Amino acid sequence: MFSILRRRFLGQAASAGIIWSADLSFGRFLRAPSQATNSGVPARVYVDFERRITTLDRNLSGSFLEHLGCAIYDGIYDSGSRLSDPNGFRRDVMAEVRDLGVAIICYPGGNFVSGDNWLDGVGAKQDRLRVVDKAWKSIDTNQFGTNEFVTWCRAVGTQPLMAVNLGTGTPEQAAALVEYCNVEKGTEWSELRRKHGAAEPYNVKYWCLGNEMDGPWQIGHMPATEYGLKAQDAARQMRAVDPSVKLVACGSSGPFISTYLEWDRQVLEECYDYVDAISLHRYFDNARETNGDSSKFVALNLSMEQQIEQVSAVCDVVRGRKRSRKRLWLSFDEWNVWYRARSGDGHRQEAPHLLEEIYNLEDALLVGGLINSLLRRADRVRIACLAQLVNVIAPIMTNASGLFRQTIYYPYSWALQFARGNVLNLQVDSPAYEVSEIGQVPYVDVAGTQDIEGGKICLFILNRDLSKAHEIEVIWQGNPPARVLASQVLTGDDLKAVNSFEQPRRVVPQPFERPTAAARTRFEVPARAYAVVQWAV
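Below: a short report on this structure. Note that the structure is predicted; figures quoted are calculated from it, not measured.

1. Observations concerning the overall build of the protein
Moving on, step 1. Within the protein, the secondary structure is distributed over 11 helices and 28 strands.
Moving on, step 2. Expected size for 537 residues packed as a compact globule is a radius of gyration near 24 Å; at 23 Å, the protein falls within 12% of this value.
Moving on, step 3. A principal-axis box enclosing the C-alpha atoms of the protein has dimensions of 70 × 55 × 45 Å.
Moving on, step 4. When contacts within the protein are restricted to residue pairs at least 6 apart in sequence, those whose partners lie at least 24 apart make up 75%.
Moving on, step 5. On the protein, roughly 20,200 Å² of surface is accessible, and the fraction owed to carbon and sulfur atoms is 47%.

2. Examining the sheet that holds strand β18 (residues 422–424)
Moving on, step 1. The 7 strands lie next to each other as β5-β18-β22-β23-β28-β25-β26, forming an open sheet whose pairing is antiparallel. Here the strands that pair on one side only, and so sit at the sheet edges, are β5 (52–55) and β26 (510–511).
Moving on, step 2. For β5 and β18, the ladder comprises 3 bridges, and the chain directions are antiparallel. Bridge pairing links Arg52 to Leu424 in β18.
Moving on, step 3. Lying on the sheet, helix α10 (residues 361–376) is in contact with β5, β18, β22 (444–451), β23 (456–463), β25 (483–490) and β28 (529–536); it crosses β22 at an angle near 50 degrees.

3. Regarding the nonpolar core
Moving on, step 1. The biggest cluster of nonpolar side chains holds 176 residues, and the ones touching the most others in it are Phe144, Trp152, Trp207, Leu209, Tyr227, Met238 and Trp335.
Moving on, step 2. Of all the elements, α10 adds the most residues to this core, at 9 residues.
Moving on, step 3. For Trp207, the contacting residues outside a window of four places in its chain are Leu161, Met162, Val164, Leu177, Val178, Cys181, Asn182, Met238, Val245, Lys246, Leu247 and Val248.

4. Description of the sheet that holds strand β12 (residues 246–249)
Moving on, step 1. With parallel pairing, 8 strands are arranged side by side around a closed barrel as β6-β7-β10-β11-β12-β13-β14-β15. The mean angle between the axes of side-by-side strands here comes to 30 degrees, regardless of whether they run parallel or antiparallel.
Moving on, step 2. Pairing geometry for strand β11 (residues 206–209) and β12, over 3 bridges, is parallel. Bridge pairing links Trp207 to Leu247 in β12.
Moving on, step 3. Across the face of the sheet, α10 comes into contact with β13 (277–284), β14 (329–337) and β15 (381–386) while running at roughly 175 degrees to β14.

5. A closer look at unusual backbone geometry
Moving on, step 1. For the bond running from Tyr107 to Pro108, omega is 5 degrees, close enough to zero to count as cis.
Moving on, step 2. As for its position among the elements, Pro108 is in the loop between β7 (104–107) and β8 (131–133).
Moving on, step 3. In this structure, the amide linkage connecting Gly109 to the following residue, Gly110, adopts the cis form with an omega of 15 degrees.
Moving on, step 4. Tracing the chain through its elements places Gly110 in the loop between β7 and β8.
Moving on, step 5. At Ala351, a residue that is not glycine, the phi angle is positive and equals roughly 45 degrees.
Moving on, step 6. The topology assignment puts Ala351 in the loop between β14 and α10.
Moving on, step 7. The phi angle at Arg528 is positive, at roughly 55 degrees, despite the residue not being glycine.

6. What about the environment of Trp476?
Moving on, step 1. Within the secondary structure, Trp476 is located in strand β24 (residues 470–477).
Moving on, step 2. On the basis of relative accessible area, Trp476 is assigned to the buried category, the value being 5%.
Moving on, step 3. For the pair Trp476 and Thr141, spaced 335 residues apart in sequence, the C-alpha separation works out to 57 Å.
Moving on, step 4. If near-sequence neighbours (up to four positions away) are discounted, Trp476 is found in contact with Val47, Phe49, Ile457, Pro481, Ala518, Ala519, Thr521 and Trp535.
Moving on, step 5. Only 3.0 Å separates the side chain of Trp476 from the side chain of Thr521, close enough to count as a polar contact.

7. Describing the packing of aromatic side chains
The geometry of an aromatic ring pair is captured by two quantities: the separation of the ring centres and the angle between the planes.
Moving on, step 1. A complete count under the given rule lists 19 aromatic pairs for this structure.
Moving on, step 2. Plain terms: the ring middles of Tyr77 and Phe144 are 5.6 Å apart, the flat faces sit at 65 degrees to each other, and that makes the pair edge-to-face. Of this pair, Tyr77 sits in the loop between β6 (62–64) and α2 (91–100) while Phe144 sits in the loop between β9 (138–140) and α3 (146–156), placing them 67 residues apart in sequence. The exposure classification of Tyr77 matches that of Phe144, with both residues buried.
Moving on, step 3. For the ring pair Phe89 and Phe144, a centre distance of 6.2 Å and an interplane angle of 65 degrees mean the geometry is edge-to-face. Here Phe89, found in the loop between β6 and α2, pairs with Phe144, found in the loop between β9 and α3; they are 55 residues apart in sequence, far enough to count as distant. The same class applies to Phe89 and to Phe144, which are both buried.
Moving on, step 4. Cluster of aromatic residues (ring-pair linked, three or more members): Tyr73, Tyr77, Phe89, Tyr107, Phe144 and Phe149.

Conventions used here
Residues numbered from 1 in each chain as written. Predicted model: local features only at pLDDT ≥ 70, side-chain atom pairs only at ≥ 80, totals over all residues. Heavy atoms only, no water. Helix = DSSP H or I, 4+ residues; strand = E, 2+ residues; numbered from the N terminus. Rg over C-alpha atoms; globule rule 2.2 N^0.38 Å. Contact = heavy atoms within 4.5 Å. Areas by Shrake-Rupley, 256 points an atom, 1.4 Å probe, with all protein chains shown as cover. Pairing = 2+ DSSP bridges. Axes fitted to C-alpha atoms, helices over the stretch in contact; angles between N-to-C directions. Core = buried A, V, L, I, M, F, W, Y, C linked by side-chain atoms within 4.5 Å. Buried < 20%, exposed > 50% of the residue type's maximum accessible area, 1.4 Å probe, protein only. Polar contact = N/O pair within 3.5 Å; in protein donor to acceptor, adjacent residues only side chain to side chain. Phe/Tyr/Trp six-rings, centres within 6.5 Å; stacked < 30°, edge-to-face > 60°.

If you want it as C-alpha cells, here you go:
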C-alpha cells in the first residue's frame, strides 16, 4: 500500500513507513522496503472533519483571456455575429461562462500585455487604431479593451485580474491604468474613464505586475534584479493611487527555464515588501515530459505540487532574510495541458486561428489531478487560472454557429460547482505503481472539501489506473454523511477520444452508482476516470 499524506499527517505517514520526501528538490517518494505495491486491495480515504487545510478561496478556480488567436475576437466578442448582443458579446459564450461560475479572469495577457498600450483600447471605437501585436505577430483592432472587458466580467459574474505592461510599459503607465479603473473622479485618468462613459470606478482589486519577464521570448525581457526594481517602483506608484490593490510579482515562467527559482529569489529580494504574491506558470505535455507514456502523464499533477513547494520555500527564505512578518501567497495564474498546437505566428491577420489545442480524455484526467493538487495546496495558492477560457488552449470552443465543450471542461466545471468551504486534510492509502523520475505513485488521488454552511462534503477522485477499476473505501471519523447528493464520472475506453463540433458529446460525464452513506462507504471508480461524489452532512 502507498500512502500520500499532507504535511499535517507526516507523523502518521512515518509510522506507516511511507512519506513524501521533504527534499522536494529531488521530488521523489520514499517507500519502506517492506511496503508492497498491491492493486488488489481497496484505496482507503480517511475523512476527519476536524482536519482542515484552509478555507477555500474561490479565486482558485479562475481562468484567463488574452488578445491571442480567437480568444477575444470570434471568441467572447464578435460584433457581426447573430449570436451577439448589442455590445458585441457572444450570448452563448456569456451564458456558458456565467453557468460555470468562474470567479476571476486574468486579462489582457499573457505575452500580449508586454507590448500593449492600454490607451489604444479605450475611447470611441471608431477612433481606435489597428496595431501590430508583436507577441503573436497578429493585428489587434482594439475594438475590445479595458472597458469592454470589465463590462463583460460584470455580465458573466466574474471579477478581473488585470495585468499591466512592465515590458515596454512603465510604472507610471501602470499607475495610470489603476487610476483610470479605480479612482472615482477628479483626476486626469478617472475623468477620462468618465468621459468614456463609465461614471463609477471599476474597483479592480487584483493586479499582475507584468508577464513572464524571465523568458527570452518576452517583449522587454530583462534580468531578475532589474525586473524586481521595476516591479517595486510600479507597486509603489500603483499603491499611491489605490492602497487597497493586491499585487502579484512575476515569478518564473516554469520549472524548465534555466533561471528557475533563482529568478524568483532575486526578484523578491527587490520587491518582497511591496507585493502580496508571486506568480507560477506551468503547461503539461504528454510528449517531452513523458515520451508519450500516459501512465506517467496522469501523474504529473504531483510535479505541480512540487513546484508549489519549491516556490513557497523561496518566498519563505526571502521572508526570513528580510525578517518580514508578511507571508506571500501564490498566484498560479497560468496552468493547463498544452503541447500540440504550438505555432504562435498570426501572419499579420486579425483573429488568426492560433493555439487551438484539442483535448482528449487523458488530458481531462490530468486536469482533474491538477485541480486536486491545487485544492491540497490552497493554504498557499489563492489564485489559479486555467489558461485559457475560449478557443485558445481552452475548455470552450466556438465557431460562427455555436460552441462545444472540450473534455477538460468537465473536471474544471466540477471544481467550480462542488468545491466549497474548507479544504479537508485527507489521508489516502492507495495501491501504487512505479513511474520513472517520480517513483511510487498512488493509483487513487483524492481531494475533498466541506461546505459547513451548505451542509455538504465533496470528494474529487482520480483513478490513474489505465486498465483496472479501483474500489474506494471512505472511512468517516465521527458521524457519516446522511445521503449522497450527486455522483458523476468522466471515463471511457479510448484515452485519445475527443469532442468536436461534429461529436460534441463523445466524452462527457456519466452518472455512476451512488455510494451508500455509512461509517465505511464503499464504491468503485472505473479505470481511466475522474469522479466527483457529493454527500449531505
